[in-house]
Amino acid sequence: MLALRDVTVRYGDTAAVDDVSLDLASGQVLAVLGPSGCGKSTLLRAVAGLEPLASGSIAWGGTDLSGTPTHKRGFALMFQDGQLFAHLTVARNVAYALRLRRTPSARVAARVRELLDLVGLSGYDDRLPGTLSGGERQRVALARALAVEPRLILLDEPLSALDASLRERLAGDLRSILHEAGTTALLVTHDHEEAFALADRLAVMRGGRVVQQGAIDEVWREPVDEETALFLGYARVLRDDAARRVLGAAALPPAYAVALRRSALVVDDAGSLSAVVESARVTPELVRLVVRVEGAGIVDAVAPLGGRVAPGDEVSLRVDVTRLAVLPITR
Ligand code: ADP
């Protein structure tokens, strides 16, 4: 549906978005994930029609959008902080764009009810934004963005202003709301958890370029390089002999580098890697260790709770192959 071809956006001499091509199918959620300053907000603004392209094209359903101004694209934008109108009630905020379009008031009332129900805020009609929690405000912002049934919703770090527990809860809700409404969405974020929680597909962006894109689990299992792996939440990357040592213990063929999640190595008497515990920290689910593995150096590992593992202990480790990624040969 949405097709970006070789899109470049320049500020003066620098390309904030550099030759980006992306596709987004109808009903899908695509997350563009990248560090601050990589150009993702600029990309989102370009799709919205708020930044001119230096070159390339953006099309919807095969129709080039270069001549279509922002308000005629049928896209909705939702920002980090929701940006509600503080002096308008929840119902008025949600109804705002419908009223601008002179929608009959009975229709507006019905649509507002439907949307508040969808975002789990039935009965909040008369509340003012100042009386809502951060999560509730984001839900209202989402309802407002969905009100005009946008062809595409553009989300700029929709959860990052929320605290961790709320973020997790709202992420699940937001995902089901988007799917229930059948909305096509383009999300930009620096937070891989947010991307994984919300999206079907992922594009990893760095220095204005898309360095990898694909289905979430594909990108997750096969990050294209070391920097991408670390950005996706892998804890460490081992190279050369260290990589071969861990891969060998997992009966995997040798490779130039392997990225390990913090739980890739598990304390297990039947494991084939021997290690010495450097430090141990108890968490509610398991014990997180830092260990020194002969031939692989300092790495992270986990032990089940109640295993009484202490610094200085010698332990055996098993490799959980679902928690590592073999990296292709690039430096
Ligand atoms: P992100 O959203 O990934 O943090 P941005 O798209 O906001 O990144 O910015 C990408 C680059 O473009 C940054 O180097 C930023 O400083 C620069 N930039 C963004 N907006 C402007 C602007 N209006 N004028 C000049 N440079 C800008």
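Residues numbered from 1 in each chain as written. Predicted model: local features only at pLDDT ≥ 70, side-chain atom pairs only at ≥ 80, totals over all residues. Heavy atoms only, no water.

Within an unreviewed UniProt entry, the label attached to the protein chain reads ABC transporter ATP-binding protein, and the organism entered is Nocardioides cavernae.

With that settled, the discussion passes to the site of the ligand. With respect to spatial proximity, the complete set of residues near the ligand consists of Y11, A16, P35, S36, G37, C38, G39, K40, S41 and T42. Between Y11 and the ligand, the recorded distance is 3.5 Å, taken from a side-chain N or O atom to a nitrogen atom. Burial of the ligand by the protein amounts to 52% of the accessible area it has alone, namely 560 Å². No other element matches the three residues that helix α1 (residues 40–48) contributes to the shell around the ligand. Residues belonging to the shell around the ligand are distributed by class as follows: four nonpolar, five polar and one charged. (Near = heavy atom within 4 Å. Polar contact = N/O pair within 3.5 Å; in protein donor to acceptor, adjacent residues only side chain to side chain. Areas by Shrake-Rupley, 256 points an atom, 1.4 Å probe, with all protein chains shown as cover. Helix = DSSP H or I, 4+ residues; strand = E, 2+ residues; numbered from the N terminus. Nonpolar A, V, L, I, M, F, W, Y, C, P; charged D, E, K, R; others polar.)

Before going further, it helps to examine the pairing of strand β8 (residues 184–189). Of all six residues in β8, six are buried; the element is thus mostly enclosed. Neither face of β8 is open: one carries T184, L186 and V188, the other A185, L187 and T189, and all of them are buried. Of the pairings in the sheet, the one linking strand β3 (residues 29–33) to β8 comprises five bridges and is parallel in character. Note on β8: the bridge partner recorded for V29 is A185. (Buried < 20%, exposed > 50% of the residue type's maximum accessible area, 1.4 Å probe, protein only. Pairing = 2+ DSSP bridges.)

V94, L142, I153 and L202 are the most contacted members of the largest nonpolar core, which has 53 residues in total. In terms of domain composition, this core takes at least three residues from each of domain 1 (2–229) and domain 2 (235–327). Setting aside residues no more than four positions away along its own chain, I153 makes contact with A76, L142, A145, L146, L178, T183, T184, A185 and L186. Among the nonpolar cores identified, the runner-up in size contains 28 residues, and A242, L273, V293 and L324 belong to it. (Core = buried A, V, L, I, M, F, W, Y, C linked by side-chain atoms within 4.5 Å. Domains from an automatic or database assignment. Contact = heavy atoms within 4.5 Å.)

Further remarks concern the pattern of salt bridges. Tallied over the full model, the rule gives 15 salt bridges. With a shortest N-O distance of 3.9 Å, R111 and E149 are connected by a salt bridge. Here R111 is found in helix α3 (residues 105–118), whereas its partner E149 is found in the loop between α4 (134–146) and β7 (152–156), with 38 residues between them in sequence. On the basis of relative accessibility, which here comes to 9%, the residue R111 falls in the buried class. Residue classification places E149 among the exposed positions, given a relative accessible area of 55%. The salt bridge partner of D300 is R236, with a shortest N-O separation of 2.6 Å. Highlighted residues: D300 in strand β16 (residues 297–304) and R236 in strand β11 (residues 236–239), separated in sequence by 64 residues. One network of salt bridges, in which partners are shared, links R111, E114 and E149. (Salt bridge = Lys/Arg side-chain N within 4 Å of Asp/Glu carboxyl O.)

Attention now moves to the pairing of β16. Inspection of the sheet shows strand β15 (residues 286–293) paired to β16 by eight bridges, in the antiparallel sense. Counted as the bridge partner of R292 is I298 from β16. Where β15 hands over to β16, the hairpin turn is made up of three residues, of which G295 adopts a positive phi near 85°.

This paragraph deals with the packing of helix α2 (residues 90–100) against α4. Orientation of α2 relative to α4, taken along the N-to-C sense of each, is 30°, at an axis distance of 7 Å. As the angle between them shows, α2 and α4 are arranged roughly parallel. As for how α2 packs across α4, the hand of that crossing is right-handed. On α4, the residues touching V90, N93 and V94 of α2 are V140, A143 and R144. (Axes fitted to C-alpha atoms, helices over the stretch in contact; angles between N-to-C directions. Parallel < 35°, antiparallel > 145°, perpendicular 65-115°, else oblique. Left-handed = near helix turned anticlockwise from the far one by under 90°.)

Now for helix α9 (residues 240–249). Taken together, the buried positions of α9 are A242, A243, V246 and L247. All buried residues of α9 fall inside an arc of 125° around its axis, so they share one side. Where α9 is buried, its residues contact β11, β12 (257–260), β13 (265–267), β14 (273–282), β17 (314–319) and β18 (324–327). Phi turns positive, to about 60°, at A251, one or two residues after α9. (Arc of directions from axis to C-beta.)

What follows concerns the sheet that holds strand β5 (residues 63–64). Spatially, four strands are ordered β2-β1-β4-β5 in an open sheet, and the strand pairing comes out antiparallel. Bordering the open sheet on either side are β2 (14–24) and β5, each of which pairs with just one other strand. Of the pairings in the sheet, the one linking strand β1 (residues 2–11) to β2 comprises seven bridges and is antiparallel in character. Its bridge partner being in β2, L2 is matched across the sheet by L24. Sheet strands in contact with α1 are β1, β2 and β4 (55–60), and its direction is about 115° off that of β1.

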